[in-house]
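Secondary and tertiary structure notes
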Amino acid sequence: MSYCTFNGCTFSGGAGWALQLWGAESGATHHLTFKNTTVNATEGGYPVVVGYGFSDITFSNTQVRASSQTEYQDVVRFYGGSNITFDGFAVMGGRYLVIVADNSVSGIQFKNGAFSGTDLLYNSRGTSDVLFQNVSTSTGI
(Lines give C-alpha, C1' and ligand atoms only; values in the text may rest on other atoms or scores of the structure.)
Protein backbone atom coordinates (compact mmCIF):
# COMPACT_ATOMS: atom_id res chain seq x y z
CA MET A 1 0.00 0.00 0.00
CA SER A 2 1.47 3.34 -1.05
CA TYR A 3 0.33 6.88 -1.82
CA CYS A 4 -2.82 6.74 0.31
CA THR A 5 -4.56 9.45 2.33
CA PHE A 6 -6.81 8.77 5.32
CA ASN A 7 -8.93 11.76 6.39
CA GLY A 8 -11.13 11.99 9.47
CA CYS A 9 -10.49 8.43 10.68
CA THR A 10 -10.73 7.08 14.21
CA PHE A 11 -8.59 4.11 15.22
CA SER A 12 -9.26 2.39 18.53
CA GLY A 13 -7.77 -0.63 20.20
CA GLY A 14 -9.27 -3.16 22.50
CA ALA A 15 -6.65 -5.45 23.99
CA GLY A 16 -4.01 -4.60 21.40
CA TRP A 17 -2.65 -1.65 19.49
CA ALA A 18 -5.00 0.99 18.15
CA LEU A 19 -2.99 1.75 14.98
CA GLN A 20 -0.34 -0.76 13.95
CA LEU A 21 1.83 0.02 10.93
CA TRP A 22 3.89 -3.07 10.34
CA GLY A 23 5.45 -4.45 7.18
CA ALA A 24 7.58 -7.43 6.32
CA GLU A 25 10.14 -5.78 4.05
CA SER A 26 11.83 -2.44 3.85
CA GLY A 27 10.14 0.04 1.54
CA ALA A 28 6.99 -2.08 1.26
CA THR A 29 4.64 0.72 2.36
CA HIS A 30 5.33 4.40 1.86
CA HIS A 31 3.77 7.82 1.34
CA LEU A 32 0.80 7.49 3.66
CA THR A 33 -0.96 10.59 4.98
CA PHE A 34 -3.26 10.65 8.00
CA LYS A 35 -5.25 13.90 8.38
CA ASN A 36 -7.61 14.82 11.22
CA THR A 37 -7.05 11.47 12.90
CA THR A 38 -8.11 10.24 16.33
CA VAL A 39 -6.31 7.33 17.96
CA ASN A 40 -8.02 5.99 21.07
CA ALA A 41 -6.19 3.36 23.10
CA THR A 42 -7.75 4.10 26.49
CA GLU A 43 -9.00 0.53 26.81
CA GLY A 44 -6.08 -1.20 25.12
CA GLY A 45 -2.35 -1.25 24.56
CA TYR A 46 -0.04 1.09 22.71
CA PRO A 47 -1.79 3.77 20.64
CA VAL A 48 0.58 3.77 17.64
CA VAL A 49 3.20 1.19 16.65
CA VAL A 50 5.43 1.66 13.60
CA GLY A 51 7.54 -1.18 12.29
CA TYR A 52 9.73 -2.26 9.45
CA GLY A 53 8.78 -1.45 5.90
CA PHE A 54 7.10 1.90 6.55
CA SER A 55 8.48 5.19 5.27
CA ASP A 56 7.36 8.68 4.34
CA ILE A 57 4.35 8.77 6.68
CA THR A 58 2.71 12.04 7.73
CA PHE A 59 0.21 12.57 10.54
CA SER A 60 -1.38 16.03 10.66
CA ASN A 61 -3.90 17.26 13.21
CA THR A 62 -3.84 14.11 15.32
CA GLN A 63 -5.58 13.49 18.66
CA VAL A 64 -4.32 10.58 20.77
CA ARG A 65 -5.73 9.09 23.96
CA ALA A 66 -3.17 6.76 25.51
CA SER A 67 -3.89 3.59 27.44
CA SER A 68 -4.93 3.86 31.06
CA GLN A 69 -3.07 0.61 31.82
CA THR A 70 0.26 1.17 33.55
CA GLU A 71 2.14 -1.45 31.50
CA TYR A 72 1.58 0.64 28.34
CA GLN A 73 3.50 3.80 29.17
CA ASP A 74 4.38 4.96 25.66
CA VAL A 75 2.28 6.61 22.99
CA VAL A 76 4.22 5.97 19.77
CA ARG A 77 6.51 2.95 19.66
CA PHE A 78 9.04 2.59 16.81
CA TYR A 79 10.44 -0.81 15.86
CA GLY A 80 11.53 0.60 12.51
CA GLY A 81 10.39 3.18 10.00
CA SER A 82 11.85 6.24 8.37
CA ASN A 83 10.79 9.76 7.46
CA ILE A 84 7.75 9.87 9.73
CA THR A 85 6.27 13.20 10.82
CA PHE A 86 3.64 14.10 13.39
CA ASP A 87 2.70 17.74 12.77
CA GLY A 88 -0.04 19.24 14.92
CA PHE A 89 -1.00 16.83 17.67
CA ALA A 90 -2.49 16.62 21.15
CA VAL A 91 -1.78 13.57 23.30
CA MET A 92 -3.51 12.71 26.57
CA GLY A 93 -1.97 10.06 28.79
CA GLY A 94 1.19 8.02 28.70
CA ARG A 95 4.56 8.64 30.25
CA TYR A 96 6.71 8.66 27.09
CA LEU A 97 5.62 10.27 23.85
CA VAL A 98 8.11 8.16 21.86
CA ILE A 99 9.93 4.91 22.48
CA VAL A 100 12.57 3.80 20.01
CA ALA A 101 12.94 0.02 20.24
CA ASP A 102 15.20 -0.56 17.20
CA ASN A 103 18.23 1.22 15.75
CA SER A 104 16.84 1.18 12.18
CA VAL A 105 14.60 4.17 12.95
CA SER A 106 15.47 7.39 11.07
CA GLY A 107 14.04 10.76 10.17
CA ILE A 108 11.36 10.99 12.87
CA GLN A 109 9.83 14.41 13.66
CA PHE A 110 7.26 15.57 16.18
CA LYS A 111 6.32 19.22 15.81
CA ASN A 112 3.65 21.71 16.85
CA GLY A 113 2.05 19.57 19.50
CA ALA A 114 1.17 19.07 23.13
CA PHE A 115 1.74 16.02 25.32
CA SER A 116 0.22 15.58 28.78
CA GLY A 117 3.17 13.49 29.96
CA THR A 118 6.63 14.63 30.96
CA ASP A 119 9.09 12.46 29.00
CA LEU A 120 9.29 12.99 25.27
CA LEU A 121 11.70 10.18 24.43
CA TYR A 122 12.83 6.82 25.77
CA ASN A 123 15.58 5.68 23.49
CA SER A 124 16.77 2.17 24.23
CA ARG A 125 18.67 1.84 20.95
CA GLY A 126 20.75 4.99 20.87
CA THR A 127 19.41 6.47 17.64
CA SER A 128 19.68 10.25 17.51
CA ASP A 129 17.33 10.74 14.59
CA VAL A 130 14.20 11.75 16.53
CA LEU A 131 13.54 15.49 16.53
CA PHE A 132 11.09 17.55 18.56
CA GLN A 133 10.12 21.08 17.53
CA ASN A 134 7.60 23.27 19.35
CA VAL A 135 6.31 20.42 21.54
CA SER A 136 4.97 21.22 24.99
CA THR A 137 4.63 18.85 27.92
CA SER A 138 2.08 19.47 30.64
CA THR A 139 -0.72 17.85 32.53
CA GLY A 140 -3.31 20.37 31.43
CA ILE A 141 -4.22 19.31 27.90
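The following paragraphs examine the structure supplied in this document. (Residues numbered from 1 in each chain as written. Predicted model: local features only at pLDDT ≥ 70, side-chain atom pairs only at ≥ 80, totals over all residues. Heavy atoms only, no water.)

1. Remarks on the pattern of salt bridges
Worth spelling out the cut-off: Any carboxyl oxygen of Asp or Glu within 4 Å of a side-chain nitrogen of Lys or Arg constitutes a salt bridge here. A 1.4 Å probe rolled over the protein chains alone gives each residue an accessible area, and that area as a share of the maximum for its type sets the label: buried under 20%, exposed over 50%, partly exposed in between. Helix and strand assignments come from DSSP, with helices taken as H or I runs of at least 4 residues and strands as E runs of at least 2, each series counted from the N terminus.
Scanning all chains against the criterion turns up two salt bridges. A salt bridge links arginine 77 to aspartate 74; the nearest nitrogen and oxygen atoms lie 2.9 Å apart. Judged by relative accessible area, arginine 77 falls into the buried class, the value being 14%. Notably, a salt bridge pairs arginine 95 with aspartate 119, separated by 2.9 Å at the nearest N-O pair. Separated by 24 residues along the polypeptide, arginine 95 in the loop between β8 (82-92) and β9 (96-100) and aspartate 119 in strand β11 (residues 119-123) bring together distant segments of the chain.

2. Things to note about the packing of aromatic side chains
Note the following rule: Any two of the Phe, Tyr and Trp rings considered here, Trp counted by its six-membered ring, make a pair once their centres fall within 6.5 Å; the pair's planes then place it as stacked at under 30 degrees, edge-to-face at over 60, or tilted in between. The rule for a charge over a ring is simple: NZ of Lys or CZ of Arg within 6 Å of the ring centre, and within 35 degrees of the ring normal.
On inspection of all chains with the given rule, the structure shows ten aromatic pairs. Seen in terms of ring centroids, phenylalanine 34 and phenylalanine 59 are 4.7 Å apart; in terms of plane orientation they differ by 10°. Their pairing is stacked. Taken as a pair, phenylalanine 34 in strand β4 (residues 29-40) and phenylalanine 59 in strand β6 (residues 54-65) lie far apart in primary sequence, 25 residues in all. Exposure remark for phenylalanine 34: the relative accessible area of 2% places this residue in the buried category. Its relative accessible area of 0% is what places phenylalanine 59 among the buried residues. For the pair phenylalanine 59 and phenylalanine 86, a centre-to-centre distance of 4.3 Å together with 5° between the ring planes defines the contact as stacked. A residue pair is termed long-range when its members are at least 10 positions apart, and phenylalanine 59 in strand β6 and phenylalanine 86 in strand β8 qualify at 27 residues. Among the residues examined, phenylalanine 86 registers a relative accessible area of 3% and is labelled buried. Taken together, the ring pairs connect Phe6, Phe11, Phe34, Phe59, Phe86, Phe89, Phe110 and Phe132 into an aromatic cluster. In this structure, arginine 77 packs its charged tip against the face of tyrosine 46, placed 4.5 Å from the ring centre.

3. Digging into the sheet that holds strand β5 (residues 48-50)
Here is the rule we go by: Two strands pair under a simple rule: DSSP has to find at least two bridges between them. Structural elements are reduced to axes, namely lines fitted to C-alpha atoms, with helices fitted over the stretch in contact, and the angle between N-to-C directions of any two is expressed from 0 to 180 degrees.
If you trace the five strands from one edge of the open sheet to the other, you get β3-β5-β7-β9-β11, paired in parallel fashion. The open sheet terminates on both sides in strands that have one partner only, identified here as β3 (19-21) and β11. Averaged over all pairs of adjacent strands, the angle between their axes in this sheet comes to 10°, without regard to strand direction. Alignment of β5 against strand β7 (residues 74-78), held across three bridges, turns out to be parallel. Pairing of valine 50 across the sheet is with phenylalanine 78, part of β7.

4. Let's talk about the side chain of threonine 85
So the rule is basically this: Two residues form a contact once any of their heavy atoms are found within 4.5 Å.
Tracing the backbone shows threonine 85 in strand β8. In contact with threonine 85, other than residues within four places in its own chain, are Ile57, Thr58, Phe59, Gln109 and Lys111.

5. A closer look at unusual backbone geometry
Unlike most non-glycine residues, tyrosine 3 shows phi in positive territory, near 55°. Tyrosine 3 sits in the exposed class, given a relative accessible area of 61%. Within the chain, histidine 31 stands out as a residue other than glycine whose phi angle is a positive 55°. For histidine 31, the position within the fold is in strand β4.

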